[in-house]
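# Topology and contacts: notes
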Amino acid sequence: GPDGSYFVWKKNGQTMKACIMEQSHVLLDGRVHVLSWVKDSVSENTEYTCSFVSKAGNATSEVLITTEDKDSAGQDAWTKEFDTWRSAISEHATMMQNWRKTW
């Protein structure tokens, strides 16, 4: 279970304390599904790392967010991709809430 487990978020190598969201859900077999994400805005290239630390082991994911000038030709494509990701995250949050109500 999640007892003693935790997330560590870093932005450009610095540990983050704010803007971190977490969600967990106990599955029927006793395992726990955990999810964490960051609500943040960037104006320059930014590297995020997320580490999940537990007694069973650790895992780390990292991503580099790159920015372009607002007048860049790729802005429309980025806006559409961002909307797609926002929709997927919203759909996941709704699904987790429905699971909680059902179980």
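Residues numbered from 1 in each chain as written. Predicted model: local features only at pLDDT ≥ 70, side-chain atom pairs only at ≥ 80, totals over all residues. Heavy atoms only, no water.

### A look at the environment of Thr 49
Here Thr 49 lies in strand β5 (residues 46–54). The class of Thr 49 is buried, set by a relative accessible area of 16%. Residues Thr 49 and Lys 80, spaced 31 residues apart in sequence, show a C-alpha to C-alpha distance of 24 Å. (Helix = DSSP H or I, 4+ residues; strand = E, 2+ residues; numbered from the N terminus. Buried < 20%, exposed > 50% of the residue type's maximum accessible area, 1.4 Å probe, protein only.)

### Overview of the domain arrangement of the chain
Many descriptions give the size of an interface as the accessible area lost when the pieces come together. The assigned domain composition of the chain is domain 1 (1–67) and domain 2 (72–102). Each of domain 1 and domain 2 has a C-alpha centre, and the two are 17 Å apart. On the side of domain 2, 6 residues touch domain 1, which itself brings 5 residues to the contact. Summing both partners gives a buried area of about 620 Å² for domain 1 against domain 2, and 64% of it is carried by carbon and sulfur. It is Gln 23, His 25 and His 33 in domain 1 that bury the most area against domain 2; as a group they hold 67% of the surface buried on that side. Across the domain 1-domain 2 interface, the total number found is 0 salt bridges. Of all elements in the fold, only β3 (20–26) and β4 (32–38) reach the threshold of two or more residues within the side of domain 1 that touches domain 2. (Domains from an automatic or database assignment. Contact = heavy atoms within 4.5 Å. Buried area = accessible area lost by both parts, 1.4 Å probe. Salt bridge = Lys/Arg side-chain N within 4 Å of Asp/Glu carboxyl O.)

### Looking at the nonpolar core
By size, the foremost hydrophobic cluster in this structure holds 6 residues: Phe 7, Trp 9, Met 16, Val 38, Tyr 48 and Cys 50. Contributions of two or more residues to this core are made by β1 (6–11) and β5. If sequence neighbours within four positions are ignored, Phe 7 has contacts with Glu 22, Val 34, Leu 35, Ser 36, Cys 50, Ser 51 and Phe 52. (Core = buried A, V, L, I, M, F, W, Y, C linked by side-chain atoms within 4.5 Å.)

### Some words on the confidence of the model for the chain
Of all residues in the chain, 90% have pLDDT values of 70 or greater, and the mean over the chain is 83. In the model of the chain, helix α1 (residues 75–102) stands out as the element of lowest mean pLDDT, 79, in contrast to strand β2 (residues 14–15), which has the highest, 94. (pLDDT = per-residue confidence, 0-100.)

### Section: the side chain of Ser 5
Considering the arrangement of structural elements, one finds Ser 5 in the segment before β1. Take Ser 5: its relative accessible area is 17%, and that puts it in the buried class. Sequence-distant contacts of Ser 5, defined by excluding residues within four places in its chain, comprise Phe 52, Val 53 and Ser 54.

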